[in-house]
Amino acid sequence: MRVNTNADQTLDTVGPRLKHLRLRRDVTLTTLAAETGISTSTLSRLEAGLRRPTLEQLLPLARYYGVTLDSLVDAPRTANPRVDLRPLACPDGSFIIPLTRRPGGIQAYKFVLPTGSDDTVPDLRSHEGFDWTYVLNGTLRLVLGDQDLLLQAGEAAEFDTRTPHWFGATGAGPVEYLALVGRQGERAHVRATTDDR
């Protein structure tokens, strides 16, 4: 009889975590295989929990997703509460900075987009979830269904991500924005209190 150890339990959670990361980034197994050198069948078995990950597999996956090995295996937190703010570089010159450590629940990201073009034809995408976006600097173009919006610094938008959408910078310059992304029906709630004393 095999005893289920803490290490076994930790490794059992890696598959769902890998699948969540891939789906959240809207990446196919084929694309991931090409980027990491791990076969699609192995990636599929890892995500399904049918195969235990090795360090040789976890390293390229962590590198591709821009996360630490600790976050992939859900290692216990140390006394240091800082989040690893290593940016993920995208082929279009933009950067994504994960602001939360763990998959599951509402995820926070900072996006930095280079100067765009005002005549860019958006490639609208949709997926399960809910998005809350806040512009820090610059002008963010948000195409949401049949709406084409320009959001300025200090403005926010929230929407169901099943609505086809696209984010981009304008010709006015680069843009930085924060995004909170949750599961379907999971919205970010902003609470504030005032002290009238």
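Before reading on, note that the structure itself is shown above.
The model shown is predicted, which means the values in this text are computed figures rather than measured ones. (Residues numbered from 1 in each chain as written. Predicted model: local features only at pLDDT ≥ 70, side-chain atom pairs only at ≥ 80, totals over all residues. Heavy atoms only, no water.)

## Here's the deal with the side chain of Thr161
The line we're drawing: Strands are runs of DSSP state E lasting at least 2 residues, helices are runs of H or I lasting at least 4, and numbering of each runs from the N terminus. Each polar contact in these results corresponds to two N or O atoms within 3.5 Å; when the atoms are within protein, one needs to be able to donate a hydrogen and the other to accept it, and residues that are neighboring in sequence are counted only if both atoms are side-chain atoms. Residue contacts follow a heavy-atom distance rule, with two residues in contact if any of their heavy atoms lie within 4.5 Å.
Along the chain, Thr161 falls in the loop between β7 (156-160) and β8 (165-169). In this structure the side chain of Thr161 is engaged in a polar contact, spanning 2.9 Å, whose partner is the backbone oxygen of Gly129. Residues contacting Thr161, with those up to four places away along its chain left out, are Ser126, His127, Glu128, Gly129, Phe130 and Asp131.

## A short note on the pattern of salt bridges
We apply this condition: Salt bridge, as used here: a side-chain nitrogen of Lys or Arg that lies within 4 Å of a carboxyl oxygen of Asp or Glu. For every residue, the accessible area (1.4 Å probe, protein chains only) is compared with the maximum for its type, and the residue is labelled buried under 20%, exposed over 50%, or partly exposed between those bounds.
The tally for this structure, following the rule as stated, stands at 6 salt bridges. The closest approach of N and O atoms between Arg125 and Asp26, which form a salt bridge, is 3.1 Å. Here Arg125 is found in the loop between β3 (107-113) and β4 (130-137), whereas its partner Asp26 is found in the loop between α2 (14-24) and α3 (29-36), with 99 residues between them in sequence. A salt bridge links Arg125 to Asp123, with the shortest nitrogen-to-oxygen separation between them at 3.0 Å. In this structure Arg125 comes out as partly exposed when scored by relative accessible area, which is 43%. Under the relative-accessibility criterion, Asp123 is labelled partly exposed at 45%. By sharing partners, the salt bridges in this structure join Asp26, Asp123 and Arg125 into a single network.

## Points about the sheet that holds β3
Strand pairing in a sheet relies on backbone hydrogen bonds. The paired strands run either parallel or antiparallel. Convention followed: DSSP-based pairing: two strands are paired if at least 2 bridges between them are found.
If you trace the 6 strands from one edge of the open sheet to the other, you get β1-β2-β3-β9-β4-β7, paired in antiparallel fashion. What marks the edges here is a single partner per strand, and that holds for β1 (88-89) and β7.

## Some remarks on the sheet that holds β8
Note the following rule: Only the stretch in contact is used when a helix axis is fitted, and all axes are lines through C-alpha atoms; the angle between N-to-C directions ranges over 0 to 180 degrees.
Strand order in the open sheet made by the 3 strands is β6-β5-β8, with antiparallel pairing throughout. Of all the strands in the sheet, just β6 (147-151) and β8 have a single pairing partner and so form its edges. Within the sheet, the average angular offset between the axes of one strand and its neighbour, ignoring direction, is 20 degrees. Note that strand β5 (residues 140-144) and β8 share 5 bridges and pair antiparallel. Paired with Leu144 across the bridge in β8 is His165.

## A look at the packing of aromatic side chains
Our working definition: Any Phe, Tyr or Trp ring, taking Trp's six-membered ring, that has another such ring centre within 6.5 Å forms a pair; planes under 30 degrees apart are called stacked, those over 60 apart edge-to-face, and the others tilted.
Here the structure, examined in full by the defined rule, presents 5 aromatic pairs. Measuring from centroid to centroid gives 6.2 Å for Trp132 and Tyr134, while their planes differ by 5 degrees, and the two rings are stacked. Residue class for Tyr134 comes out partly exposed when judged on its relative accessible area of 29%. Ring-pair connections join several aromatic residues into one group, and the members of that group are Tyr109, Phe111, Phe159, Phe167 and Tyr177.

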